[in-house]
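Residue-level structure breakdown
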Amino acid sequence: MASVARAVINATAPIVRVERLIRRFDGTTILHGVDLQIVRGEFVALLGKSGSGKSTILRALAGIDEGVDGSGRITVPPRRSVLFQDSRLLPWKSVLDNVTLGLDGPGAKAQALKALGEVELKHRTDVWPKTLSGGEQQRVALARSLVRNPELILADEPFSALDALTRIRMQRLLLDLCRRHQPSVLFVTHDVEEALRLADRIVIITNGVVSYDGNVMDARDSPGCFDHLRNEILEHLGVNQNPTNERH
Ligand SMILES: Nc1ncnc2c1ncn2[C@@H]1O[C@H](COP(=O)(O)OP(=O)(O)OP(=O)(O)O)[C@@H](O)[C@H]1O
């Protein structure tokens, strides 16, 4: 009984806590006091108009915004990985060496090969990144992330540069990997449908604060609910819905 109780407590304990996050650039306050919590294994999509501060939040959580003017309290797990719009692979290293980069120990190569197998790239381990397609490069970036066994994945529009079909494939792959590895994810996107397909929860930033925070897990499986929620979120983002212009 005791172990069951502990598992329940752990599942609902926030692994990420952001409290009153304030960020300013050149005297302009972009984030006015963002509060956000993410529990273990939760997939949160972060939406907001262009320039609303989504990447600024992500960089703060990744710890890559040193010297930026602001304040706030951030608690994040130690094992984090960041996925960007471009894969950021080192062009002078092979695919395998990119994945093992910075890993120590005799098991590093085996772990990297396992991760490359999970993203279906085991047959391309010795090639240079430039010989891979954009989608394949992002799969290597996913493998590089997985091999570090992250408790938190911070993703900044990782699929936005990909064509529509590759993008859908990558979304499915990411969901599959998340099901197997159970990291918490903060996923920045402009695409409301992508957010609804992937996330358990959607958070919207408006005028420097969280203006919407809703669980969307149940809506995903019901077509009526999906459309309703999609319209609600688009409206919240200030996108006017004009049914006469919609194509079916
Ligand atoms: N290092 C910086 N120096 C100056 N201004 C910055 C810096 N980083 C971000 N900003 C400004 O802060 C605002 C928020 O930027 P941020 O990239 O976080 O927005 P975003 O919501 O991710 O935008 P987008 O959706 O267009 O990518 C923008 O006006 C941007 O110009």
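Only a predicted model underlies this, so the values are computations on that prediction, with no experimental measurement involved.

**Focus on the overall build of the chain**
In terms of helices and strands, the chain carries eight helices and nine strands. With the C-alpha coordinates of the chain rotated into their principal frame, the extents come out at 55 × 50 × 45 Å. Across the 248 residues in the chain, those meeting the buried criterion constitute 33%. For the chain, contacts bridging at least 24 residues in sequence account for 70% of all contacts bridging at least 6.

**Description of the sheet that holds strand E1 (residues 14–25)**
Taking strand neighbours across the sheet as the criterion, the three strands line up as E2-E1-E4 in an open arrangement whose pairing is antiparallel. Sheet topology places strand E2 (28–39) and strand E4 (69–75) at the edges, where each strand pairs with a single neighbour. Each strand axis lies, on average, 0 degrees off the axis of its neighbour in the sheet, ignoring direction. Pairing analysis gives nine bridges linking E1 to E2, with the strands arranged antiparallel. The residue bridging Ile22 from the neighbouring strand is His32, located in E2. With respect to the sheet, helix H2 (residues 54–62) is in contact with E1, E2 and E4, its orientation differing from that of E1 by roughly 120 degrees.

**A short note on the site of the ligand**
In the vicinity of the ligand, the contacting residues are Phe25, Asp26, Ile30, Gly48, Ser50, Gly51, Ser52, Gly53, Lys54, Ser55 and Thr56. Across the shell around the ligand, the residue classes break down as two nonpolar, seven polar and two charged.

**Points about the sheet that holds strand E9 (residues 209–215)**
The strand order across the open sheet built from six strands is E5-E6-E7-E3-E8-E9, with neighbouring strands paired in mixed fashion. The open sheet has two edge strands, strand E5 (80–83) and E9, and neither has a second partner. When the angles between neighbouring strand axes are averaged without regard to direction, this sheet yields 15 degrees.

**Describing the nonpolar core**
The biggest cluster of nonpolar side chains holds 56 residues, and the ones touching the most others in it are Val44, Leu46, Ala143 and Phe187. When residues of this core are assigned to domains, at least three map to each of domain 1 (16–79 + 151–237) and domain 2 (91–149). Other than its neighbours up to four places away in sequence, Phe187 contacts Phe43, Val44, Ala45, Leu46, Ala155, Leu198 and Ala199.

**A closer look at the environment of Leu154**
Position of Leu154 relative to the elements: it lies in strand E6 (residues 152–156). The exposure class assigned to Leu154 is buried, which follows from the 28 C-beta atoms found within 10 Å. A C-alpha to C-alpha distance of 15 Å links Leu154 and Gly53, two positions 101 residues apart in sequence. Those residues within four positions of Leu154 in sequence are excluded, and the remaining contacts are Leu58, Leu61, Ala62, Arg80, Val82 and Leu186.

**A few points about the pairing of strand E3 (residues 43–48)**
Summarising burial for E3: six of the six residues are buried, a large majority. Burial of the side chains of E3 extends over both faces: Phe43, Ala45 and Leu47 are buried on one face and Val44, Leu46 and Gly48 on the other. Here E3 runs beside strand E8 (residues 201–206); their pairing, made up of five bridges, is parallel. Of the residues in E8, the one forming a bridge with Leu46 is Val203.

**So, unusual backbone geometry**
For Glu120, which is not glycine, the phi torsion reads 60 degrees and is therefore positive. Looking at where Glu120 falls in the secondary structure, it is placed in the loop between helix H4 (108–118) and helix H5 (134–146). With 13 C-beta atoms packed within 10 Å, Glu120 lands in the partly exposed category. Positive phi outside glycine occurs at Asn149, with the angle close to 50 degrees.

**Some thoughts on the domain arrangement of the chain**
Structurally, the chain comprises domain 1 (16–79 + 151–237) and domain 2 (91–149). On a C-alpha basis, the centroid separation for the pair domain 1 and domain 2 is 25 Å. With twelve residues of domain 1 at the contact, the number on the domain 2 side is ten residues. Looking at the side of domain 1 that touches domain 2 element by element, the count peaks at six residues for helix H6 (residues 164–181). Along the lines of polarity and charge, the residues of the side of domain 1 that touches domain 2 split into eight nonpolar, two polar and two charged.

Definitions and limits used
Residues numbered from 1 in each chain as written. Predicted model: local features only at pLDDT ≥ 70, side-chain atom pairs only at ≥ 80, totals over all residues. Helix = DSSP H or I, 4+ residues; strand = E, 2+ residues; numbered from the N terminus. Buried ≥ 20, exposed ≤ 12 C-beta atoms within 10 Å, placed from the backbone. Contact = placed C-beta atoms within 7 Å. Pairing = 2+ DSSP bridges. Axes fitted to C-alpha atoms, helices over the stretch in contact; angles between N-to-C directions. Near = placed C-beta within 6 Å. Nonpolar A, V, L, I, M, F, W, Y, C, P; charged D, E, K, R; others polar. Core = buried A, V, L, I, M, F, W, Y, C linked by C-beta atoms within 7 Å. Domains from an automatic or database assignment.

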